[in-house]
Amino acid sequence: MTARTPAGVPPSHPRRRIAVVTGASSGIGEMTALGLARTGAHVVLACRSRERGTAAVDRLHRLDTGGPMTGLLEVRELDLSDLASVRRFCAAWDYDRLDLLVNNAGIALAPFRRTVDGFESHLGVNHLGPFALTGLLLPHLRRSSSPRVVTVTSEAQRFCRFRLEQLGTERRYRPATAYLRSKRANLYFAMELQRKADVDGVPLLSVAIGPGLTRSHILHSDARAGRRGPLKRLLPRIVGLVGKSTELGAAPSLYAATDPDVPGGSYVVPSGPLQQRGDPVLRHEPAMDDVHTARRLWEFSEEATGVRYRLAGAVA
């Protein structure tokens, strides 16, 4: 498999693709938006802050002054920590279809907080928000001839001991544990979405990706402001020393989003040691086969968000 960095994505599709990339105001999401725009896609940068999204668009145009960008960039507001914001974003969708959704936005290692809807923040932003967003955009994805959903998880989810009954609990709260559980939930979601699409005969591809440790905004965001002690001081140093560029971090997302041969229900990660460097490859994780937990999580997510998927028809 060939790395899909923003400078080396496949050529433009004959018909301009319409894509949404969440969390595209910085980091991996920003580079994913750039890579897709270089294929000729119309990319909606779904950002919590319109100002940051507009600044990202300005940066991307400066990067491509006189260069190969043939697509379009557009900013729309979306706050995954607020289900009302998710519903407003989806209700305002005014294009005839959606070809690609990249669930990229997330938070990491934040102190205990609750979302607007009362969920623990990692669970709400990293999983329940994208779950609701995907479900509510599903009718528009169904209008595409080749709809695709890419969900960004983390290679660190391998070290998670996932217990559904402990999701979002305050007891003995550990930011790292909450983060890993939310990232495992991303993997379960991507696999179960593909299984449900296959059962209903819907030609949708759902792919999960792990970007590898990247020098991105996720560990330097306002969520970091509440951290205390060594974690607050050491994280930026560790990421600065070990992490890779956001351009390389976006390579698995771009591969999963653009390669015509990537199979649905797959997991794309860097090929090198610890899934940190190298070209994107397919990797199999035992959690991908845990159908029982994935289905229980799906039922929990439908109940929590009020979004119930009907892939063969409309979404309630």
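Residues numbered from 1 in each chain as written. Predicted model: local features only at pLDDT ≥ 70, side-chain atom pairs only at ≥ 80, totals over all residues. Heavy atoms only, no water.

Enquirer: Go over helix H5 (residues 175-199) with me, naming the residues and quoting the values.
Expert: In a regular helix each residue adds 1.5 Å, so 25 residues correspond to 36 Å; H5 covers 36 Å between its end C-alpha atoms and thus fits that length. Burial within H5 is extensive, with 18 of its 25 residues counted as buried. Gly201 sits one or two positions beyond H5 and adopts a positive phi of about 70°. (Helix = DSSP H or I, 4+ residues; strand = E, 2+ residues; numbered from the N terminus. Expected span 1.5 Å × (residues − 1). Buried < 20%, exposed > 50% of the residue type's maximum accessible area, 1.4 Å probe, protein only.)

Enquirer: Before we move on, could you go through the nonpolar core and cite the residues and values that matter?
Expert: Core analysis: the largest hydrophobic core is formed by 57 residues, its most contacted members being Phe89, Leu133 and Tyr309. Broken down by secondary-structure element, the contributors of at least two residues to this core are strand S1 (18-22), strand S2 (42-47), helix H3 (83-91), helix H4 (121-142), H5, strand S7 (266-270) and helix H9 (291-305). Not counting the four nearest positions on each side in its chain, Leu133 is found in contact with Thr22, Leu78, Leu80, Val86, Phe89, Cys90, Leu101 and Asn103. If you look at the next biggest cluster of nonpolar residues, it comprises 32 residues, including Met31, Leu34, Val152 and Val268. (Core = buried A, V, L, I, M, F, W, Y, C linked by side-chain atoms within 4.5 Å. Contact = heavy atoms within 4.5 Å.)

Enquirer: Let's hear about the pattern of salt bridges: which residues, and what values?
Expert: By the definition in use, this model includes 11 salt bridges. Here Glu74 makes a salt bridge to Arg76, at a shortest N to O gap of 2.7 Å. Look at Arg76 and you get buried, because its relative accessible area is 12%. Put simply, Lys196 and Glu192 hold a salt bridge, and the shortest N to O gap is 3.5 Å. One end of the pair, Lys196, and the other, Glu192, are both in helix H5, 4 residues apart, so they sit about a helical turn from each other. Look at Lys196 and you get partly exposed, because its relative accessible area is 26%. With a relative accessible area of 2%, Glu192 lands in the buried category. (Salt bridge = Lys/Arg side-chain N within 4 Å of Asp/Glu carboxyl O.)

Enquirer: Describe the packing of aromatic side chains, with residues and values.
Expert: Within the structure shown, the criterion is met by 9 aromatic pairs. Ring centres of Phe89 and Trp93 lie 6.3 Å apart, and the angle between their planes is 40°; this geometry places the pair in the tilted category. Taking relative accessible area as the criterion, Trp93 reaches 7% and is therefore assigned buried. Both rings, one in Phe131 and one in Phe189, keep their centres 5.8 Å apart while their planes meet at 65°; by these two values the pair is edge-to-face. Of the two residues, Phe131 is situated in helix H4 and Phe189 in helix H5; the sequence distance between them amounts to 58 residues. Accessibility assignment for this pair places Phe131 and Phe189 in one class, buried. Through a chain of ring-to-ring contacts, three or more aromatic side chains come together here, namely Phe131, Phe189, Trp298 and Tyr309. (Phe/Tyr/Trp six-rings, centres within 6.5 Å; stacked < 30°, edge-to-face > 60°.)

Enquirer: Tell me what's going on with the packing of H5 against H9, and back it up with residues and numbers.
Expert: Running from amino to carboxyl end, H5 crosses H9 at an angle of 95°, the nearest separation of the two axes being 9 Å. Regarding the angle of H5 to H9, the classification is roughly perpendicular. Contacts between H5 and H9 involve Ala185, Tyr188, Phe189, Glu192, Leu193, Arg195 and Lys196 from the first element and Val291, Thr293, Ala294, Arg295, Leu297 and Trp298 from the second. For the contact of H5 with H9, the per-class residue count stands at 8 nonpolar, 1 polar and 4 charged. (Axes fitted to C-alpha atoms, helices over the stretch in contact; angles between N-to-C directions. Parallel < 35°, antiparallel > 145°, perpendicular 65-115°, else oblique. Nonpolar A, V, L, I, M, F, W, Y, C, P; charged D, E, K, R; others polar.)

Enquirer: Residue-level account of the confidence of the model for the chain, with values.
Expert: Residues at a pLDDT of 70 or more form 81% of the chain, whose mean pLDDT is 87. In this model, residues 1-5 is a region of pLDDT below 50 whose contacts with residues beyond four sequence positions or in other chains number 23 contacts. (pLDDT = per-residue confidence, 0-100.)

Enquirer: Could you give an account of the side chain of Thr22, naming the residues involved and the relevant values?
Expert: Relative to the assigned elements, Thr22 resides in strand S1. For Thr22, a relative accessible area of 1% corresponds to the buried category. At 2.9 Å, the side chain of Thr22 forms a polar contact with the backbone nitrogen of Asn104. Excluding anything up to four places from it in sequence, Thr22 contacts Ala46, Leu78, Leu80, Val102, Asn103, Asn104, Ala105 and Leu133. (Polar contact = N/O pair within 3.5 Å; in protein donor to acceptor, adjacent residues only side chain to side chain.)

Enquirer: Please give an account of helix H2 (residues 50-63) that cites residues and values.
Expert: The end-to-end C-alpha distance of H2, which contains 14 residues, comes to 20 Å, matching closely the 20 Å that a straight helix rising 1.5 Å per residue would cover. All buried positions along H2 are accounted for by Gly53, Ala56, Val57 and Leu60. End-on, the buried residues of H2 take up no more than an arc of 100°, which puts them together on one face. Away from the buried face of H2 by more than 90 degrees, exposed residues Glu51 and Arg62 are located. Tucked into the core, H2 has its buried residues touching helix H1 (27-37), S2 and strand S3 (72-77). (Arc of directions from axis to C-beta.)

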